[in-house]
Every structure is written in structure tokens, then in C-alpha cells.
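# Remarks on the overall topology
The lines below spell out each chain.
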Amino acid sequence: PAAVEYLKSSPAYRDVFSGVENEELHRSKIEELLWHSLYGDFSRLFRFANGTQRKFLDLYFLHFEIDVMKRCLRDAVSGKRSDLNFKSFEPFFRKHSHLDFTALTDSKDLDEYLDSIQNTPYYGPLKDLKDQGITSLSEFESALDILYFIRFWKSLKDQLSKDDREAIACAGEKIDLLNIEWLARAKRHYKLSADAIMELLIPVWHRLKKSQARELAEAPSIEEFDRILKGTRYGNRIFLASVEQQENPELHSLFRALLDAVYSKSGRNDPYSAAALNSYFYFKEEEIRKIITTVEGIRYSLGSSEILTCLAES
């Protein structure tokens, strides 16, 4: 309750927490309200956006769509009806999505989940996985992520002008950095073949070439991996960041710091373009995740220093 009282004093979250009683403040309710504030920001920005900005926001909405699909998928795979209170999100999603989110949240198993997304671009690839006997949550979530990035990147090229695409080039850099993070993790922690590693990657190539990704996947040692990585467009930035974070930094926090820098620079360089919107939503989502982590820490009686450590690693 004390944490929520603090959030109520913040202009960003005051409205969504107003009128909420302490007995309602279980963890899922707090998380729902925090994401609702993000959807509210999107709706207000969409209302005042110009034509080009609205095209970008329509594309960005795919990110919200996939996020809700993944949350419902986790519940369906575990054999329970989703506890997501879609009624509070419904007006927002009805304006921007053709998915039947009521059917999604009602799904109690994987078959019902797949039935709820028929006649959508997501159905075919997920149904193919199930037909192959693949039913693990991680495989399905990975497939949804890849579908999102492919659709987003293709739509970006088809619907936005060259200048607008260049303004939000950080979207391509995010994909490259996510692929590099997976390559580094696979080489350091798993014994996978180069082909298996390549199958894990998002099949979108911006400034990291596919041939470079293949070289990284085939590297016979960590030393050779690092040598190849230094020759890419991201090499100097990655190794400079690793030095600043001391030796052997945790991979996720290292790449998160790089993404923070990419999005911050993009928003500053083009403050009147879709880049400002893109950067805003990136940092807003990061803020919400950190608030959720903090609330979880308070719930489990962690000390402030332990919570700060969790935030630094998230």
C-alpha cells in the first residue's frame, strides 16, 4: 500500500490508481493498472498524432498485441483460464486490433487458444508447431516474438517513407542487438550447432549482416567469437560498454544498457518525428517493468539494496 500511495502522487500513474482501495492491491491488479497507464498514453498520443505518426503507432500496437497474446498463452499452456481482466483494456484494443481477446482470455488449453486466433497471421505458424508435436511454452513464445519482428519490420518498410524509417533506425538496431545477445549466450552457455543457433535468431538483418551472424554462430571459441564481433558495426560499442561495466558483465544488463543508449539518442536526434514516440514507449515500458520488480521485492520483504540489485540486473 505504501508503494501505491507513492505512485498515486506521480502524475504518470495518479489517474489509474485513483479510487483503488488497499484490499484490491494484489500483485496482478497493480501490474494491470500499470500497463493500463501505458495504453492510456498510447491512446492520447494517437489522438493528437499526425498522419505519419499514426502509421507508426499502428505498427507499434503490434507489440501490445503480442504481449497480451503471450500472457494468455502462458495461462492456456498451464491449463487455466487467464486471470487478465480484459474488460479494462477492451475499449483500447477494440480500436486497434481485430483479434478476439475475449476468446483468448477464455482459452483453457492450447487447442482453445489456437481456435481463438484462427483467421489471423499468427495461427498458421503456431498450428504448425503443434502439428510437429512441439507444445513447450518457450517455443511458442519465441515463435510469437519472431512473427512480431518480421511483421513489424516488413510493415515499417512498406508503410513509412525512407526518412521516417531512418528516424526510427533504433528498431533495426534493437533486432540486431537481440540477435547478438542470443549468439553470445548460445556460444557461452550452450553447446549448440551453428544451424541450431541460427534458427533461434530473428530473421531480420539491419546493420548486422546474416553472413556475420553465421560467422559468429560458427566461431570455434569465445576468443574467435569476440574477434569476429569486433569487426561488426556494433563491435566497438559492445566492448566499450563491457569495459565500462567491468569485466565479464551480465549479458542481459550489458545489452539493455546499449539499447537504452540507442533509444535515448534516437529520441534526441529526431524530437518531432515518430522516433520520439518510439523512444517514449521504450522507456515507459522499462519504467513499468522496474516498478513491477520493485513491488515484487516489497511483497517478498526484500531490503532496498536487494531490490536495487534486482533492478540493475533486469
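Scroll up to find the structure this text is about.
Residues numbered from 1 in each chain as written. Predicted model: local features only at pLDDT ≥ 70, side-chain atom pairs only at ≥ 80, totals over all residues. Heavy atoms only, no water.

### Some words on the overall build of the protein
Within the protein, the regular secondary structure consists of 18 helices and 0 strands. What you see for the protein is a C-alpha radius of gyration of 21 Å, in line with the 20 Å of a compact globule of 314 residues. Principal-axis analysis of the C-alpha atoms places the extent of the protein at approximately 55 × 45 × 45 Å. Counting the 314 residues in the protein, one finds 47% classified as buried. Per element, the accessible surface of the protein, about 16,700 Å² overall, is 50% carbon and sulfur. For the protein, the distance from the average position of its 44 positive side-chain charges to the average position of its 50 negative side-chain charges is 4 Å. (Helix = DSSP H or I, 4+ residues; strand = E, 2+ residues; numbered from the N terminus. Rg over C-alpha atoms; globule rule 2.2 N^0.38 Å. Buried < 20%, exposed > 50% of the residue type's maximum accessible area, 1.4 Å probe, protein only. Areas by Shrake-Rupley, 256 points an atom, 1.4 Å probe, with all protein chains shown as cover. Lys, Arg positive; Asp, Glu negative; His and termini not counted. Charge placed at Lys NZ, Arg CZ, Asp CG, Glu CD.)

### A word on the environment of L126
Examined against the element boundaries, L126 turns out to sit in helix α8 (residues 123-131). For L126, a relative accessible area of 0% corresponds to the buried category. In this structure, the C-alpha to C-alpha distance between L126 and L144, residues 18 residues apart in sequence, is 8.1 Å.

### Focus: helix α4 (residues 51-77)
Spanning 27 residues, α4 covers 40 Å between terminal C-alpha atoms, matching the ideal 39 Å at 1.5 Å per step. Burial analysis of α4 places 19 of its 27 residues in the buried class, the great majority of the element. Structurally, the start of α4 carries an N-cap: the backbone nitrogen of T52 is 3.2 Å from a side-chain oxygen of N50. Among the residues trailing α4, G79 stands out with phi positive, at a value near 80 degrees. (Expected span 1.5 Å × (residues − 1). Polar contact = N/O pair within 3.5 Å; in protein donor to acceptor, adjacent residues only side chain to side chain.)

By themselves, these observations are geometric and do not establish any function.
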